[in-house]
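As a plain string of letters, each chain reads:
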Amino acid sequence: MKIEAAKEIRRLTKTSQRCRRQLADAVKPLVCMLRVGDDDSVELNESALLALLNLAVKDEKNKISIVEAGALEPIISFLQSQNSILQEYATASLLTLSASTINKPVIGACGAIPLLVEILRNGNAQAKVDSVKALSNLSTHSDNLDIILKTNPIPAIASLLKTCKKSSKTAEKCCALIESLAGFDEGRIALTSEEGGILAVIEVLENGSLQSREHAVGALLTLCQSDRCKYREPILREGVIPGLLELTVQGTPKSQSKAQTLLRLLRDTPYPRSEFQPDTLENIVCNIITQIDGDEQSGKAKKMLAEMVQVSMEQSLRHLQQRALVCTPTPKDLPISSCTSEVSSK
């Protein structure tokens, strides 16, 4: 009867926000069902976990009440289960619960982070995706970021980034984590030591969503700003210039600024040019192009530069027309706000 009741709650709360509010009192009995741990309890645990997950989706109050009811202890134990389905549902639950700012420090303090990193390394495909999104949510709390760093997650994050679609939400969360971890020496060393790590970030810079590209260029800029002499060559070697050129005119305002700053850092000399050699983006890029090995890559960069100048001129003309008409900015001209992830209801 409990299993059937949990399945009915799961069904009712799958798409209805009103039902999530009306059934909020079901949280405590469902958490009690999570605590049953005998050999025949798997279906009981799974049905309760999925009902709680749906109750938590897009409902801040339920997220908080689920944690306050003591759900984290059994959920964390499920992360270590030999049952891959139960492990997957537990990971999805933590993804949703970690979208709450209030829950983030609590989840981090209860030992969930090392287990999520372990699932990122060895879990099934869906569990890996949910774990990296949960870690990205948790990383916005500074204490959690320190814990994540100590688990050496970069190899597992880079491995997932290499194989996922570069325009996906998964790639965005991988790059968001890498950007945060690149602020630490251990994170920078791990990324550059991982074969294909920087290349994977550059592929997102070229083919990712607007938000993904912003994280990718931010990660590369953090590397170069921390130690230009050490990281300039590894970044250039992977062919970053064409993607950066495109980003200077087609990214978010923040991406454009970061791309231009990175191009300045990547040129041969870090010092400003004289007044007779203006520090223009074109001069910086031409300076870098002369150092690129290989006719194909150099030719691609030069073509991108020509296209960049054309697009820049067109954008400048449109901007002047907008000012003349006293138009308000369109949504695409506004910076993209960062947001936490949640799993969709199941």
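Residues numbered from 1 in each chain as written. Predicted model: local features only at pLDDT ≥ 70, side-chain atom pairs only at ≥ 80, totals over all residues. Heavy atoms only, no water.

Going by an unreviewed UniProt entry, the chain carries the name U-box domain-containing protein and comes from Salix suchowensis.

Draft legend 1. Spatial organisation of helix 6 (residues 72-79). Counting buried positions along helix 6 gives six out of eight residues, so the element sits mostly inside the fold. Among the residues of helix 6, Leu72, Pro74, Ile75, Ile76, Phe78 and Leu79 are the ones counted as buried. Looking at the buried side of helix 6, the elements it contacts are helix 3 (27-34), helix 4 (42-56), helix 5 (60-68), helix 7 (84-97), helix 8 (103-109) and helix 9 (112-122). (Buried < 20%, exposed > 50% of the residue type's maximum accessible area, 1.4 Å probe, protein only. Helix = DSSP H or I, 4+ residues; strand = E, 2+ residues; numbered from the N terminus. Contact = heavy atoms within 4.5 Å.)

Draft legend 2. Representation of helix 18 (residues 241-250) within the structure. Among the ten residues that make up helix 18, eight are buried, leaving the element largely enclosed by the rest of the structure. Of all the residues in helix 18, the buried ones are Ile241, Pro242, Gly243, Leu244, Leu245, Leu247, Thr248 and Val249.

Draft legend 3. The arrangement of unusual backbone geometry in detail. The phi dihedral of lysine 58 falls on the positive side, at around 55 degrees, and the residue is not glycine. With respect to the element layout, lysine 58 can be found in the loop between helix 4 and helix 5. Overall, lysine 58 belongs to the exposed group, its relative accessible area being 64%. Phi at asparagine 152 takes a positive value of approximately 50 degrees, unusual for a residue other than glycine. The topology assignment puts asparagine 152 in the loop between helix 11 (142-150) and helix 12 (154-163). Judged by its relative accessible area of 42%, asparagine 152 falls in the partly exposed class.

Draft legend 4. Structural context of the nonpolar core. Leu30, Leu161, Leu220, Leu244 and Leu266 are the most contacted members of the largest nonpolar core, which totals 90 residues. Top contributing element to this core by residue count: helix 4, with nine residues. (Core = buried A, V, L, I, M, F, W, Y, C linked by side-chain atoms within 4.5 Å.)

Draft legend 5. Up close: the side chain of glutamate 172. In this fold, glutamate 172 is placed in helix 13 (residues 169-181). Under the relative-accessibility criterion, glutamate 172 is labelled buried at 8%. Those residues within four positions of glutamate 172 in sequence are excluded, and the remaining contacts are Ser209, Gln211, Ser212 and His215.

Draft legend 6. Seen up close, the side chain of serine 41. On the secondary structure map, serine 41 appears in the loop between helix 3 and helix 4. The class of serine 41 is buried, set by a relative accessible area of 4%.

Draft legend 7. Seen up close, the packing of helix 11 against helix 13. Look at helix 11 against helix 13: their axes get within 11 Å of each other, and the N-to-C directions meet at 95 degrees. When the axes of helix 11 and helix 13 are compared, the pair comes out roughly perpendicular. Between helix 11 and helix 13, the contacting residues are Leu145, Ile148 and Leu149 on the first element and Leu177, Ser180 and Leu181 on the second. A per-class count over the contact of helix 11 with helix 13 returns five nonpolar, one polar and no charged. (Axes fitted to C-alpha atoms, helices over the stretch in contact; angles between N-to-C directions. Parallel < 35°, antiparallel > 145°, perpendicular 65-115°, else oblique. Nonpolar A, V, L, I, M, F, W, Y, C, P; charged D, E, K, R; others polar.)

Draft legend 8. Highlighting the environment of glutamate 43. Mapped onto the secondary structure, glutamate 43 falls in helix 4. Residue glutamate 43 is classed as partly exposed on the basis of its relative accessible area, which comes to 42%. In the structure, glutamate 43 is positioned 43 residues away from leucine 86 in sequence and 9.3 Å away in space, judged by C-alpha atoms. At 3.3 Å, the side chain of glutamate 43 and the side chain of lysine 7 are in polar contact. (Polar contact = N/O pair within 3.5 Å; in protein donor to acceptor, adjacent residues only side chain to side chain.)

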